[in-house]
Amino acid sequence: MREFYFQNNELWCENTNLQTVVKRFGTPLYVYSKKSIIDHCRYIEKAFGKTDHLSCYAVKANMNRTILSIIATEGIGCDVGSIGELYLALEAGFLPNRITYSGVGKRFDEIEFALKKNILEFNVESEGELMEISRIASGLNTVARVLLRINFDVEVDTHPYITTGKKENKFGVDSFEARGVLEKAIRLPSIEVVGIHIHIGSQITNVETFIAAAKTVTKFVIDLRNSGIPMKHLNFGGGFGVQYHDFISHPRLPKNENHAESEVTVANFIEAVVPILAESKCKILIQPGRSIIAHAGILATQVLYFKKKTGRNFIIVDAGMNDFMRPTLYQSHHQIIPISLREGEDQTADIVGPLCETGDFFAIDRQIPKVEQYDYLALMCTGAYGYVLSSNYNGRPRPAEVLIDGENYKLIRQRESLTNL
């Protein structure tokens, strides 16, 4: 599961020295481990045991075509949130009957496209959306399978931008309205109600939060079925947190002891909730994204300059927030380590990018091993919500992406050229 490691003070991925890769392809550069992706897929599937289920990889986490093909080959499904994600998923080899479609604002052409491709089901967010799906499906003389997304106002300990199950969030229908909406849905033409869907947030590291949500939704499903509403599928969503702090260990790397991620594994979450969800007598669906791909990737960047100002130290690197948005968007922590460890004392610095924004940073007051100009750094665990959130801000071409497979590596996305800006 840990395909990134130090060997003789050099950072390796699988059987490949990362210095070799970054020197060949330049920086900023996303690098992924194929073995890590496969291992995480299999780790999740194993956690379910013999329970009837379908894992649907959240394509939004990382939609590189090669990576999607690797995940599709593992036989799991996927969850999409746009016509573009659905197109990429189908191109990558995901079977339509293993694809779910989420999103609060599905356009009418997107619904039609998904119906024509005969996807497994829609996770429906509102009564108005139900009406439109019914209208479009009737016009196509087909049946749309739907799950109603329900908001149970679950309190979660995560960044407010990635809570999705609170009453003030835009997602789903309130639980007290759900029964009425479902009763209308089962009477709509060209609609088959299959079950319900929840999603309480992202990067949740407290298993008790998932257990509480599982108990609530399971009881709700049983009550709905007893009242005559069909309940075949229960989509429990995703949001399974991963370890970001101290992902790589080495005697010369600083450690952050005060964090709640050290014992986090997606298997622990699944094993805790599956016995509860199984009481619903439904097929269980989940939507792992981060928990499959986050640990599989790094963002490599080169040190350009050092700067001291008003008592602060700055390490200026060639990657910017346009390449990796999470630290400035969510104030998220990513371990930052030299790709080659040097002798010398640690330093404390702000690690910042070249963009014309104060928010262009990767770490503030971060303790980091000694580095010099032209050295390479690795931002760990950037496989999820990395390249997919990149942009051309400040006229910067998007980075390249490389896949490592044992001793072999290949370019899986060209660095964007100036002529494509």
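Shown above is the structure to which this text applies.
Computed from a predicted structure; not experimentally measured.

Peer 1: Is there a simple way to explain the overall build of the protein in this structure?
Peer 2: Scanning the protein from terminus to terminus reveals 11 helices and 21 strands. Relative to a compact globule of 421 residues, whose C-alpha radius of gyration would be 22 Å, the protein shows 22 Å and is just as compact. Taking the principal axes of the C-alpha coordinates as reference, the protein spans close to 70 × 45 × 40 Å. A buried classification covers 58% of the 421 residues belonging to the protein.

Peer 1: What am I meant to see in the packing of helix α7 (residues 175-185) against helix α8 (residues 207-226) here?
Peer 2: Angle between the axes and distance between the axes are the two parameters that describe a pair of packed helices. It is the contact of α7 with α8, at a shortest axis distance of 12 Å, that shows an interaxial angle of 30°. What the angle tells us is that α7 and α8 run roughly parallel. Handedness of the α7/α8 crossing: right-handed. Residues Ser 175, Ala 178, Arg 179 and Leu 182 of α7 form the contact with α8, whose own contacting residues are Phe 220, Asp 223 and Leu 224. Here the residues of the contact of α7 with α8 are counted per class, giving four nonpolar, one polar and two charged.

Peer 1: Explain α8 to me, please; I cannot follow it from the model alone.
Peer 2: Residue pairs three or four apart in sequence face the same way in an α-helix, which turns once every 3.6 residues. Taking 1.5 Å per residue, 20 residues should reach 28 Å; α8 reaches 29 Å between its end C-alpha atoms and fits that length. Turning to α8, its buried residues number three or more, namely Thr 209, Phe 210, Ile 211, Ala 213, Ala 214, Val 217, Thr 218, Phe 220, Val 221 and Leu 224. Turning to α8, the residues buried within the fold contact β9 (144-151), α7, β11 (191-197), β12 (233-235) and α9 (266-277). The N-terminus of α8 is capped by Asn 206, whose side-chain oxygen sits 2.9 Å from the backbone nitrogen of Glu 208. The first or second residue beyond α8 is Gly 228, which carries a positive phi of 100°.

Peer 1: Would you mind going over the pattern of salt bridges with me for this structure?
Peer 2: Two side chains that carry opposite charge are able to pair once their charged atoms sit near each other. By the definition in use, this model includes 22 salt bridges. For Lys 34, the salt bridge is made with Asp 405, and the minimal N-O distance between the two is 3.7 Å. Placement of Lys 34 in helix α2 (residues 34-47) and of Asp 405 in strand β20 (residues 400-405) is noted, with a sequence separation of 371 residues between them. One network of salt bridges, in which partners are shared, links Arg 342, Lys 370, Glu 372 and Asp 375.

Peer 1: Just to check I follow, could you spell out the nonpolar core for this structure?
Peer 2: Nonpolar side chains in soluble globular proteins tend to be buried together. Ranked by size, the top nonpolar core spans 129 residues in total, and within it Tyr 57, Phe 122, Ile 196, Phe 236 and Met 380 carry the most contacts. Excluding residues that lie within four positions of it along the chain, Phe 236 makes contacts with Ile 198, Phe 210, Ala 213, Ala 214, Val 217, Val 273, Leu 277, Leu 285 and Ile 286.

Peer 1: Is there a simple way to explain the environment of Asp 246 in this structure?
Peer 2: Examined against the element boundaries, Asp 246 turns out to sit in the loop between β12 and α9. We classify Asp 246 as buried; its relative accessible area is 12%. Taking the C-alpha atoms as reference, Asp 246 lies 6.2 Å from Gln 335; in sequence the two are 89 residues apart.

Peer 1: Explanation requested: unusual backbone geometry in the structure shown.
Peer 2: For residues besides glycine, phi is generally negative; the peptide bonds are generally trans as well. Following Thr 27, the chain continues into Pro 28 via a peptide bond in cis, with omega recorded as -5°. Following the sequence through the fold, Pro 28 ends up in the loop between α1 (18-25) and β4 (29-33). Positive phi, normally seen in glycine, also occurs at Thr 310, with a value near 50°. Relative to the assigned elements, Thr 310 resides in the loop between β14 (297-309) and β15 (312-317). The backbone of Tyr 385 sits at a positive phi, close to 55°, despite the residue not being glycine. Take Tyr 385: it is sitting in the loop between β19 (376-380) and β20.

Peer 1: Which parts of the structure should I look at to understand empty space enclosed by the protein?
Peer 2: It is a probe the size of a water molecule, rolled over the atoms, that shows where empty space is left. Counted by the stated rule, this structure contains two cavities of 30 Å³ or more. If you go around the second largest cavity, the residues you meet are Ala 114, Leu 115, Asn 118, Ile 119, Leu 120, Glu 121, Phe 122, Thr 142, Val 143, Ala 144 and Arg 145. Among the secondary structure elements, those contributing two or more residues to the lining of the second largest cavity are α5 (108-116), β8 (121-124) and β9. Residue classes in the lining of the second largest cavity are distributed as seven nonpolar, two polar and two charged.

Peer 1: Teacher, can you tell me more about the packing of aromatic side chains here?
Peer 2: Between two aromatic rings, the relevant description is the distance of the centres plus the angle of the planes. Applying the stated criterion to the full structure yields nine aromatic pairs. Aromatic pair Tyr 30 and Tyr 387: ring centres 6.2 Å apart, planes at 75°, arrangement edge-to-face. Pair noted here: Tyr 30 is in strand β4 and Tyr 387 is in the loop between β19 and β20, with a separation of 357 residues, a long-range link. Per residue, the accessibility class of Tyr 30 equals that of Tyr 387, and both read buried. Ring plane angle 40° and centroid distance 5.1 Å describe the contact between Phe 210 and Phe 240, whose orientation is recorded as tilted. Placement of Phe 210 in helix α8 and of Phe 240 in the loop between β12 and α9 is noted, with a sequence separation of 30 residues between them. On the basis of relative accessible area, Phe 240 is assigned to the buried category, the value being 3%. Following the ring pairs from residue to residue traces out a cluster consisting of Phe 210, Phe 236, Phe 240 and Phe 269. Positioned above the aromatic ring of Phe 108, the side-chain terminus of Arg 135 is 5.6 Å from the ring centre.

About the cut-offs
Every chain is numbered on its own, with residues counted from 1 as its sequence reads. Restriction of local features to residues with pLDDT of at least 70 applies here, the model being predicted, together with a cutoff of 80 or more for giving and counting side-chain atom pairs; totals for whole chains, interfaces and linings are based on all residues. Side-chain calculation: all heavy atoms of the structure are included, whereas hydrogens and water are not. In DSSP terms, a helix is any run of H or I states spanning at least four residues, a strand is any run of E spanning at least two, and both are numbered starting from the N terminus. As a reference, a globule follows 2.2 Å times the number of residues to the power 0.38, and the radius of gyration itself is taken over C-alpha atoms. When a residue's accessible area, from a 1.4 Å probe over protein chains only, is under 20% of the maximum for its type it is buried; when over 50% it is exposed; and in between it is partly exposed. For every element, the axis is a line fit to its C-alpha atoms; helices are fit only across the contacting stretch, and the angle between N-to-C directions ranges from 0 to 180 degrees. Our angle categories are set so that under 35 degrees counts as roughly parallel, over 145 as roughly antiparallel, 65 to 115 as roughly perpendicular, and the remainder as oblique. Should the near helix be turned anticlockwise from the far one by less than a right angle, the crossing is left-handed, and should it be turned clockwise, the crossing is right-handed. Note on contacts: a residue pair is in contact if any heavy atoms of the two residues lie within 4.5 Å. Each residue is assigned to one of three groups, with Ala, Val, Leu, Ile, Met, Phe, Trp, Tyr, Cys and Pro labelled nonpolar, Asp, Glu, Lys and Arg labelled charged, and all others, Gly among them, labelled polar. Between the first and last residue of a helix there are one fewer steps than residues, each counted as 1.5 Å, and that sum is the expected span. Definition of a polar contact: a pair of N or O atoms within 3.5 Å, with one able to donate and the other able to accept a hydrogen when the atoms are protein atoms, and with sequence-neighbouring residues admitted only if both atoms are side-chain atoms. Every case where a carboxyl oxygen of Asp or Glu lies within 4 Å of a side-chain nitrogen of Lys or Arg is listed as a salt bridge. Put simply, buried Ala, Val, Leu, Ile, Met, Phe, Trp, Tyr and Cys residues joined by side-chain atoms within 4.5 Å make one nonpolar core. Buriedness for pockets is judged along seven lines, at least five of which must meet protein on both sides within 12 Å for an open set on the 1 Å grid over protein atoms alone, while cavities are sets there where a 1.4 Å probe fits but cannot get out, and lining residues have an atom within 4 Å of a point. Grid points are joined across faces, edges and corners, and a volume is the space filled by probe spheres set on the points. Classification of ring pairs uses Phe, Tyr and Trp, with its six-membered ring standing for Trp, and accepts pairs whose centres are within 6.5 Å; under 30 degrees between planes counts as stacked, over 60 as edge-to-face, and the remaining range as tilted. Placement of a positive charge over a ring is assigned whenever Lys NZ or Arg CZ falls within 6 Å of the ring centre and within 35 degrees of the normal to the ring plane.

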